[in-house]
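Here is how the chains run, residue by residue.
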Amino acid sequence: MQADRAGTAGTSIRRVFVATWVIVATLALAACGSDLGGGGREGEVETAAAEGEASGDLFVSNWPFYIDGKTVGEFEQESGLSVEYKEDINDNNAIFAKLQPRLQNGESEGRDILVVTDWMAKKMYDLGYLQNFDKSAIPTVAENLVPNLQSPSFDPEREYSAPWQAGMTGLIVDKSAAPDVTSINDIFDPKYKGKVTVLSELRDTIPLIMKADGVDVENATADDWLAAIDKLDAAVGSGQIRDVTGNDYVDDLARGDATVAIGWSGDAVQLQADNPDIEFVMPDEGCIIWSDNMVIPVGAPNPTAAYEFMNYVYEPDNQAQIAAYNSYVTPVSGVQEIFQEEDPALARSELIFPSEDYQQDCSTQPNPPTDGGDEVEQAFESVTTGG
Amino acid sequence: MTSGRRRVPYLLLAPGLLWLAIFFVLPLFFMGIIAVEEGSLEEGFSLTWRFANFTDSISRFDTQFVRSFIYAGIATALCLVIAYPLAYAIAFKAGRWKNALLLAVIAPFFTTYLIRTLAWQTILFDNSPIVDALKFVGAVPDDGRVLDTTGSVIAGLTYNFLPFMILPIYASLEQMDRRLIEAGRDLYSSARTTFLKVTLPISMPGVIAGTLLTFIPAVGDYINADLLGSSNQAMIGNVVQGQYLDIKDYPIAAALSFVLMAMILVVVAVYIKFAGSEALMGDEEERGAA
Amino acid sequence: MSWLRRNAVMVVGGLIVAYMLIPIFVVALFSFNDPDGKFNFTWNGFTLDYWKDAFAISQLNDALLTSLELALLSTAIATALGTLIALALVRHQFFGRRAANLLIVIPMATPEVVIGASLLSLFVYFQVATGFTTLLIAHVMFTISFVVVVVRSRLIGFDSSLEEAARDLGATPLTTFRTITLPLLTPGLLAAALLAFALSIDDFVISNFNSGSTETFPLFIYGATQRGVPVQVNVLATMLFLLTLVAMILTIVQQRRAEKLAAIRPDAR
């Protein structure tokens, strides 16, 4: 090929040229650094100040099935606000991953309120992605918050979080297929081989397994966590435990692929419509308690409207409607009295109004210890990915 | 050759290649830099040129890497075996049903990947009528299951990537000069020999394209493993997703991605060497030289 | 028996097609189901309720519309760009051809998770808000390569004698392209466009990273798997399937008609 031969020298020069450009570009980009948000936001955490009367639009992001069909409309009528209520949070990590780059830049993509679980709220706060509440703007919340949720360890002064609903992680069981399940250790019973699922949430599954072995989860060491993870690993490897799943364990329970599951209290009630034999079972060794909290992200366009909403849902009458619908633990006092008049059966529900007795062995959701935490996370991840 | 003529290919290429350069190559640069960082989201990431991330990712997830290549390999082989007869049927035997059959091949696409895979959940879950029937005839042991097993994941992969294998093979069979087949039949008296010596070789570009279009996305897939498998079937795609979204160890996630791409490229390079590069690259030079 | 032998290939083909349509059938079937609760796994009874209320879930409708819009736009752009590239690669010699080939092939060798995550980092760095536009960019990006591959395989076996004839008769390259090449290439273009459209509607992983608050059909469904997929999803999916089927059948009928007409024109011998 004549053209080729003539152009060989030119080709080589061009190649060197291109290669140099590539190297220069790489170094330039490296120098600019990558803005993947390491280290969180700088500066003080701001307080989202309320400004006069609430007006305009409100954007709330919440988990699905957490609100009945009427509350939002009624709130809009009463307050004059226009509300966009989106049920687009299915997973704490997923919503974090979606929003993190925006939050790093101080924007919330229009959201005024997010609802995230305790540990995610703390994580976001530590990274500077949340704003402090203007306490003077939410008197109803302060007044009606149930006592045992007033000073959680992750936000002792409730400066940036207000519980939406609380819940319990325990056992969800198909009573017709597995009538004798009462303890977490039952998930290792060969009777139920291949019909057990556990949650892929490290902070729910492993503490429960630890509790079943008598460990004090609040003060557990990394070794305790690792031992529990090993126990889980063996059970998953042998097929005793069918799967480590996210929220979609409800699918497995609904169609009978699982008869025993580690799951969340409110879900059990949702499943009963499809299979009345499914029940939430408080394990002998107790449950894990957590709450999903309303938080205000940085860059929220309308915090004043957010406060209005928070006050509204903390009114016992309004909360009663929500609590009846979603069957999780309500954080608002005064609701049980309302139910006692209108729906006594619901007033007795341990799922919505758990008594001290019922929850006596329960622990709040712990985090892995900072010392050795990485190893714990990696070990658990290895189990969830069949490694 | 006028200078205008020389410019034509570049003009043709420019818009598309520019798009790819900005939205594919550039992000990969960033990914490459992240892959050699270390740190955490809380404390910040710093560029320490930590190439150990690459070896770390291989050693930590070797099981999943191997598993992904095996699953994808089996699925691709199955796809080939299933797709070729169908492509052949449509190209040569379908007559007036040709377009209808093509329609039938492509149509499932339009219900979206997730829905198709979810439908298999409905078909294969433990108490479904199909599984009951399979147990009845003994294909599945009484205490066994179909869903959440290696089999169901591979079946899902095969099913979902079938069109990617059918269409390229069909395309290359369809534009074959029929006279070659007639000549072949005159030369070799049996239909089978004609097929092996004439049709199959000429359809190779389609086979190769189909194989690659099936194997490569299958290796990185995670939906099938997610919806049809248990945690024991997790593929490398699941790991990358988990690293990125749950653990948020971005350097390892980025390193994993590069290792995966490198492995795929190695496999593809070997495959092309073996199968003949002009079939893939459509290298006019080699054609001209031949 | 010999009928079977003669038509073996067709029979096998037919069986395979039936296999491919099984999930579609199941999806359609369960759109008529009447589940007790939120989960649509077991047959509970026939009802047309969900077909009557097919558009009852506004979030779902929005998601589907978004997906369709996205697919149409990205298909148009990707097919155009990809065809140009294919033409250049197959018919011209030029410096950087190997590199161009590589650039086309590598996106197909990249896991979707990688493409999705790396694109997101790019958008964040340049402070581009994620949403429909970023989704469009992403969808065009990952479909171009497929268009190129399909069109290129069509071009490789292309009989250029007609084009040469046209040029001998004095047509300029542009006219040749417009009147000869393009029409002859159209089946290949349609195949490529169809593929691009399907890939776009299908996409979940890349969209998940780059959609921001925009929700596409697959994204809605994935969220729904964690709380019970509503029957309307089955209904809409079946509708989508039927509509595309009808559209494609119409195009084929059109094509047939055009071919018939071309056959009776005296000059088209």
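Provided above is the structure to which this section pertains.
Quick look at the structure, then. Here the structure is a predicted model, which is why all the values come from computation and not from measurement.

## What to know about the interface of chain C and chain B
The figure often quoted for interface size is the accessible area lost as the parts come together.
At step 1: Taken together, the contact pairs 88 residues of chain C with 82 residues of chain B.
At step 2: Around 8,100 Å² of area is buried between chain C and chain B when both sides are counted, 79% of it from carbon and sulfur atoms.
At step 3: For the pair chain C and chain B, the interface holds one salt bridge.
At step 4: The salt bridge partner of Asp202 of chain C is Arg116 of chain B, with a shortest N-O separation of 3.5 Å.
At step 5: Inspection of the chain C/chain B interface yields six residue pairs in polar contact (both at pLDDT 80 or more).
At step 6: Element by element, the count of residues in the side of chain C that touches chain B is highest for helix 2 (residues 8-30) of chain C, at 15 residues.

## Things to note about unusual backbone geometry
At step 1: In this structure, Ser327 of chain A takes a positive phi of about 60° despite not being glycine.
At step 2: The exposure class of Ser327 of chain A is buried, given its relative accessible area of 8%.
At step 3: In this structure, Asp148 of chain B takes a positive phi of about 60° despite not being glycine.
At step 4: Note on placement: Asp148 of chain B falls in the loop between helix 6 (129-136) and helix 7 (150-174).
At step 5: Accessibility expressed as a relative area gives 4% for Asp148 of chain B, which makes it buried.

## Quick notes on the interface of chain A and chain C
At step 1: The interface is formed by 28 residues belonging to chain A together with 24 residues belonging to chain C.
At step 2: The tally of links between chain A and chain C comes to zero salt bridges.
At step 3: Put simply, chain A and chain C have four residue pairs in polar contact (both at pLDDT 80 or more) between them.
At step 4: The set of elements that each furnish at least two residues to the side of chain A that touches chain C consists of helix 1 (2-32), helix 3 (92-104), helix 8 (249-254) and helix 9 (265-272) of chain A.

## Considering the packing of aromatic side chains
At step 1: All told, the structure shown has 32 aromatic pairs over all chains when counted by the stated rule.
At step 2: Ring centres of Tyr88 of chain B and Phe195 of chain B lie 5.7 Å apart, and the angle between their planes is 80°; on these two criteria the pair is classed as edge-to-face. Of this pair, Tyr88 of chain B sits in helix 3 (residues 62-93) while Phe195 of chain B sits in helix 9 (residues 191-202), and the two are 107 residues apart along the sequence.
At step 3: Note on Tyr88 of chain B: relative accessible area 15%, which makes it buried.
At step 4: Phe195 of chain B gets classed as partly exposed once you look at its relative accessible area, which sits at 21%.
At step 5: Clustering of aromatic rings is evident, with ring pairs tying together Tyr66, Phe75, Trp164, Tyr249, Trp264, Trp290, Phe309, Tyr312 and Tyr328 of chain A.
At step 6: The ring of Trp119 of chain A has Arg203 of chain A sitting right over it, with the charged end atom 4.1 Å from the ring centre.
At step 7: A cation sits over an aromatic face here: Lys38 of chain C above Phe65 of chain A, 4.6 Å from the ring centre.

## Some details on a positive patch on the surface
At step 1: Positive charge collects at one region of the surface, where Arg96 of chain B together with Arg256, Arg257 and Lys260 of chain C lie side by side.
At step 2: Along the chain, the position of Arg257 of chain C falls in helix 12 (residues 231-264).
At step 3: The exposure class of Arg257 of chain C is exposed, given its relative accessible area of 53%.

## Concerning the packing of helix 12 (residues 236-247) of chain B against helix 13 (residues 250-275) of chain B
Residue and element names in this part refer to chain B.
At step 1: The contact between helix 12 and helix 13 brings their axes to 8 Å, and the two run at 155°. Regarding the angle of helix 12 to helix 13, the classification is roughly antiparallel. Crossing handedness for the pair helix 12 and helix 13: left-handed. Between helix 12 and helix 13, the residues in contact are Ile236, Val239, Val240, Gln243 and Tyr244 and Tyr250, Ile252, Ala253, Leu256, Ser257 and Leu260, respectively.
At step 2: Here the residues of the contact of helix 12 with helix 13 sort into nine nonpolar, two polar and no charged.

## Structural notes on helix 3 of chain A
All names here are of chain A.
At step 1: Across its 13 residues, helix 3 extends 17 Å between first and last C-alpha, which sits within 8% of the 18 Å expected from 1.5 Å per residue.
At step 2: Counting buried positions along helix 3 yields 11 of 13 residues, so the element is predominantly enclosed.
At step 3: Among the residues making up helix 3, those that are buried are Asn92, Asn93, Ile95, Phe96, Ala97, Leu99, Gln100, Pro101, Arg102, Leu103 and Gln104.
At step 4: By the N-cap criterion, in which a side-chain oxygen at the helix start approaches the backbone nitrogen of a residue two or three places on, helix 3 is capped by Asp91, the distance to Asn93 being 3.2 Å.

## Describing the pairing of strand 10 (residues 288-297) of chain A
Residues and elements named next belong to chain A.
At step 1: Across the 10 residues of strand 10, 10 count as buried, placing the element largely inside the fold.
At step 2: Both faces of strand 10 are covered, namely the face carrying Ile288, Trp290, Asp292, Met294 and Ile296 and the face carrying Ile289, Ser291, Asn293, Val295 and Pro297.
At step 3: Sheet topology places strand 3 (residues 113-117) next to strand 10; four bridges connect them, and they run antiparallel. Counted as the bridge partner of Val116 is Asn293 from strand 10.
At step 4: By the bridge criterion, two bridges tie strand 4 (residues 130-131) to strand 10 in an arrangement that is antiparallel. In the sheet register, Leu130 faces strand 10, and the bridge partner there is Pro297.
At step 5: Across two bridges, strand 10 lies against strand 11 (residues 363-364) in parallel orientation. From the neighbouring strand, Ile289 faces strand 11, where its bridge partner is Thr364.

Parameters and conventions
Residues numbered from 1 in each chain as written. Chains lettered and ligands numbered in written order. Predicted model: local features only at pLDDT ≥ 70, side-chain atom pairs only at ≥ 80, totals over all residues. Heavy atoms only, no water. Contact = heavy atoms within 4.5 Å. Buried area = accessible area lost by both parts, 1.4 Å probe. Salt bridge = Lys/Arg side-chain N within 4 Å of Asp/Glu carboxyl O. Polar contact = N/O pair within 3.5 Å; in protein donor to acceptor, adjacent residues only side chain to side chain. Helix = DSSP H or I, 4+ residues; strand = E, 2+ residues; numbered from the N terminus. Buried < 20%, exposed > 50% of the residue type's maximum accessible area, 1.4 Å probe, protein only. Phe/Tyr/Trp six-rings, centres within 6.5 Å; stacked < 30°, edge-to-face > 60°. Lys NZ or Arg CZ within 6 Å of the ring centre and 35° of its normal. Patch = residues over 30% accessible without salt bridge, like charges linked within 9 Å, V, L, I, M, F, W, Y side chains within 5 Å. Areas by Shrake-Rupley, 256 points an atom, 1.4 Å probe, with all protein chains shown as cover. Lys, Arg positive; Asp, Glu negative; His and termini not counted. Charge placed at Lys NZ, Arg CZ, Asp CG, Glu CD. Axes fitted to C-alpha atoms, helices over the stretch in contact; angles between N-to-C directions. Parallel < 35°, antiparallel > 145°, perpendicular 65-115°, else oblique. Left-handed = near helix turned anticlockwise from the far one by under 90°. Nonpolar A, V, L, I, M, F, W, Y, C, P; charged D, E, K, R; others polar. Expected span 1.5 Å × (residues − 1). Pairing = 2+ DSSP bridges.

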